[in-house]
Amino acid sequence: MPLRARIAAALVLLYAQPVSRIVRLTIDDVSDDETTVTVRLGDPPSPLPEPVADLMRAYIKSRQHLPYASSRSSQWFFPGRQPGQPMNPVSLQVHLREIGVPPQRGRTSAIRQLVLQAPAPVIAKALGYHDKTATRLVTEAGGTWSRYAPGVHQR
């Protein structure tokens, strides 16, 4: 499977990211301190689990062998064929479908699972979702985090 599609699939299935947002990531959104690889989707950056972190490291190294010279120097994490432009989201969706990952359904399943595991405001902030969207999703999924109040709770 193409490494690019595997990385994109991991971002869709682990972090519920839409393909239109994945193609807008830049190389500055991914950092590797030799122990942890993080990707800035929201605040704070999200750590990648180890098998995915290794794929991310391999993809970063493979970028120097991209077929278009303009892509090698591009700041886009998924550079497109046009100089200075990111990959077309439709092209990435095609790659994902070819490896058996339905982007929309995968993303929907991932975000519903995430809001059941943690408070919606926390998920929203970490993954770059709007608070109201995350709250609506937790309600639709039958979650119990509806009364969570984010912030510092000191007396």
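Residues numbered from 1 in each chain as written. Predicted model: local features only at pLDDT ≥ 70, side-chain atom pairs only at ≥ 80, totals over all residues. Heavy atoms only, no water.

(A) Broad picture of the nonpolar core. Within the largest apolar cluster, 41 residues are counted, with the highest numbers of intra-cluster contacts made by Ile-7, Leu-11, Leu-48, Phe-77, Phe-78, Ile-111 and Leu-127. Counting residues per element, the ones that place at least two in this core are helix H1 (3-15), helix H2 (19-22), strand S2 (37-39), helix H3 (50-62), helix H5 (89-98), helix H6 (103-117), helix H7 (120-127) and helix H8 (131-140). Once residues lying within four places of it in the same chain are set aside, the contact partners of Ile-7 are Val-52, Leu-55, Met-56, Tyr-59, Phe-77 and Phe-78. (Core = buried A, V, L, I, M, F, W, Y, C linked by side-chain atoms within 4.5 Å. Buried < 20%, exposed > 50% of the residue type's maximum accessible area, 1.4 Å probe, protein only. Helix = DSSP H or I, 4+ residues; strand = E, 2+ residues; numbered from the N terminus. Contact = heavy atoms within 4.5 Å.)

(B) Seen up close, the packing of aromatic side chains. Enumeration over the complete set of coordinates arrives at three aromatic pairs. Each ring, one from Tyr-59 and one from Phe-77, has its centre 4.9 Å from the other, and the planes form 55°; the classification is tilted. Of this pair, Tyr-59 sits in helix H3 while Phe-77 sits in the loop between helix H4 (69-72) and H5, and the two are 18 residues apart along the sequence. A relative accessible area of 4% places Tyr-59 in the buried class. With relative accessibility at 1%, the residue Phe-77 sits in the buried group. Judged by centre distance (5.5 Å) and plane angle (35°), the ring pair of Tyr-59 and Phe-78 falls under tilted. Of this pair, Tyr-59 sits in helix H3 while Phe-78 is found in the loop between H4 and H5, placing the two residues 19 residues apart along the sequence. (Phe/Tyr/Trp six-rings, centres within 6.5 Å; stacked < 30°, edge-to-face > 60°.)

(C) Seen up close, the pattern of salt bridges. By the definition in use, this model includes four salt bridges. A salt bridge links Asp-29 to Arg-40, with the shortest nitrogen-to-oxygen separation between them at 2.9 Å. Of the two residues, Asp-29 sits in the loop between H2 and strand S1 (30-32) while Arg-40 sits in the loop between S2 and strand S3 (46-47), which places them 11 residues apart along the sequence. Through salt bridges that share partners, Asp-32, Glu-50, Asp-54 and Arg-57 make up one connected network. (Salt bridge = Lys/Arg side-chain N within 4 Å of Asp/Glu carboxyl O.)

(D) H7, seen in detail. Counting buried residues in H7 gives six out of eight residues, a clear majority hidden from the surface. Two residues or fewer past H7, Gly-128 is found with a positive phi of approximately 80°.

(E) Focus on the environment of Ala-120. Looking at the secondary structure, you find Ala-120 in helix H7. Judged by its relative accessible area of 2%, Ala-120 is buried. As for Ala-120 and Arg-136, which are separated by 16 residues in sequence, their C-alpha atoms are 8.8 Å apart.

(F) Highlighting the sheet that holds S2. Across the sheet, three strands lie side by side as S1-S2-S3; this open sheet has antiparallel pairing. Looking at the sheet topology across the chains shown, the edges are occupied by S1 and S3. In the sheet, S1 pairs with S2 via three bridges, with the strands oriented antiparallel. If you follow Val-30 over to S2, its bridge partner there is Val-39. (Pairing = 2+ DSSP bridges.)

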